[in-house]
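Take a look at the letters that make up each chain.
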Amino acid sequence: MEKRRRRKTQTVAQFLRRYFLITALGVLALLAAALCLFQLGLNAGWYTPANHAEIQAQELIGKIQMQDFFDPDQVPEGLDYILFSHEQWADSSLPPDNTLADYSYYSGSYTGMIGASAWLRTDLRAETVILLFRYAVRPASPAIAALIPDLQGVFVGFSALMILILLIGMTNRYGKKLVQALNALEESATQIAAGNLDFEIHDTALNEFNQALDSVETMRTALKDSLVQQWDMQNQREIQIAALAHDLKTPLAVIAGNVELLKEETLPETAAESLEVIGRRLEQLSHYVYQLQQAASRQNQAEQPKLTAIDELIRRCTEEVEGLCRNKDLTLTVFCPPFSAWVHTETLRRALINLLDNAIRYCPYGKTVQLMGQITETHWIIKVSDEGPGFHAESLKHIGEPFYRYESARSSNGHAGLGLYTVSQAMQIEGGRMIPGNVPDGSGAQVILEFPRTTLAEESERADPVSDSFSSPLQ
């Protein structure tokens, strides 16, 4: 196997470590940039530090204690106050029903925290002043502060957004490499499953996937070599079978000629009977030779599909076997609505003749053989059934194999095991399948030929007339 050119690769563990490392470094870089920006804003005075309100409250407490009275107009922006007189609420920047306007929260201490709010206390004779504030970064400009009251939340949210964008970008970048590796493996498996073994496998950036692709490449090469050997063996077998069939035709023709000459002579009764047996066996051998030729012939594969009136084709096939039916006093019933399809006409006609010949051979005297064409929701079918002994369960597993013969009532009549094989081969060419089985009520055998509905012709299309010319199996 030719080695593929390797590019620089890494293991999955290295790939994941690199992803997490670069992502972590990116997050740290964003956090560092955010902190630098925050410090730059503080130094430039764009916004106030988080303890700015606490400093203002301490300065105002000092001023109140010095002047020994409290003026609400001195309270700066960002601070709230509560004034108690004789431990009762007197005035406040908060609504009177606010839960913070309770003197019991502030008794016994001069500083503290209530939830997210901090407070400072100072006493003036019978009055108590409480200043409330929060630790928060605020824009230095009052106009901006009115637009962005929670600068900390905006800053944290923006930082989180940038980190999220980084994570998405890094995940997308590294995810594409992982998807490319998976796609390479999936595409290779899909090509092999579809039967295409002539394709090139490209390396990925990950060692483990390349190892799997190497295994796929080994399997592909082995399958291709095996199929080439099988094709060569098949070709040799077809050549040998064709040569054998050709070589048999000459002595059979000589024997047939001598049989005809002997029939013109006056022979004893026993000799005439023996000659009749020889004639029948000769006809059977001629039929076997024809089947050998059909099994080995590759002409079917070269035939191009053409638009064919299926009902007309079925009618022509029934005409071919009318004589065989009369010899056994059989009734041949046919039903097929008019429709056309794109098929290999001669291939399908030979398959139908084989099915009808098989049904007639095993159908008892005076019984019925049925031939039906039908369009279903997903396929269109042709079904041939008879009132013979039916197929044995064991033989159904091998029907379609060349030269297979099961010793039962269905096969005791003597045959080469090629009839249904040629039908199976024909259905492969048509893109359909042969479904052998027995009539549901147990009254005989049936074989269904199932075709894809896509081969049906459009209503506007018209099929050419089916040719009358057809090579008889006995010719």
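Anything mentioned here points back to the structure above.
Residues numbered from 1 in each chain as written. Predicted model: local features only at pLDDT ≥ 70, side-chain atom pairs only at ≥ 80, totals over all residues. Heavy atoms only, no water.

Taken together, Lys8, Arg18, Arg173 and Lys177 make up a surface patch of like positive charges. Tracing the backbone shows lysine 8 in the segment before helix H1 (12-44). Judged by its relative accessible area of 82%, lysine 8 falls in the exposed class. (Patch = residues over 30% accessible without salt bridge, like charges linked within 9 Å, V, L, I, M, F, W, Y side chains within 5 Å. Areas by Shrake-Rupley, 256 points an atom, 1.4 Å probe, with all protein chains shown as cover. Salt bridge = Lys/Arg side-chain N within 4 Å of Asp/Glu carboxyl O. Lys, Arg positive; Asp, Glu negative; His and termini not counted. Charge placed at Lys NZ, Arg CZ, Asp CG, Glu CD. Helix = DSSP H or I, 4+ residues; strand = E, 2+ residues; numbered from the N terminus. Buried < 20%, exposed > 50% of the residue type's maximum accessible area, 1.4 Å probe, protein only.)

Attention now goes to the sheet that holds strand E11 (residues 368-375). Spatial ordering of the open sheet is given by E9-E11-E12-E14-E13, a layout of five strands whose pairing is mixed. In this open sheet, the two strands that pair with only one neighbour each are strand E9 (331-335) and strand E13 (433-438). Adjacent strand axes in the sheet meet at a mean angle of 15 degrees when their direction is disregarded. Of the pairings in the sheet, the one linking E9 to E11 comprises five bridges and is parallel in character. When the sheet's bridge partners are listed, phenylalanine 335 is paired in E11 with methionine 372. The strands touched by helix H10 (residues 345-362) within the sheet are E9, E11, strand E12 (379-386) and strand E14 (445-452), with E12 carrying the most contacts at an inclination of about 30 degrees. (Pairing = 2+ DSSP bridges. Axes fitted to C-alpha atoms, helices over the stretch in contact; angles between N-to-C directions. Contact = heavy atoms within 4.5 Å.)

With six of seven residues buried, strand E6 (residues 127-133) is to be regarded as a mostly interior element. Where strand E2 (residues 80-85) lies against E6, six bridges are found, and the strand directions are antiparallel. Residue pairing in the sheet places aspartate 80 in a bridge with leucine 132 of E6. Across seven bridges, strand E5 (residues 117-124) lies against E6 in antiparallel orientation. Within E6, the position partnered with leucine 124 by the bridge is glutamate 127.

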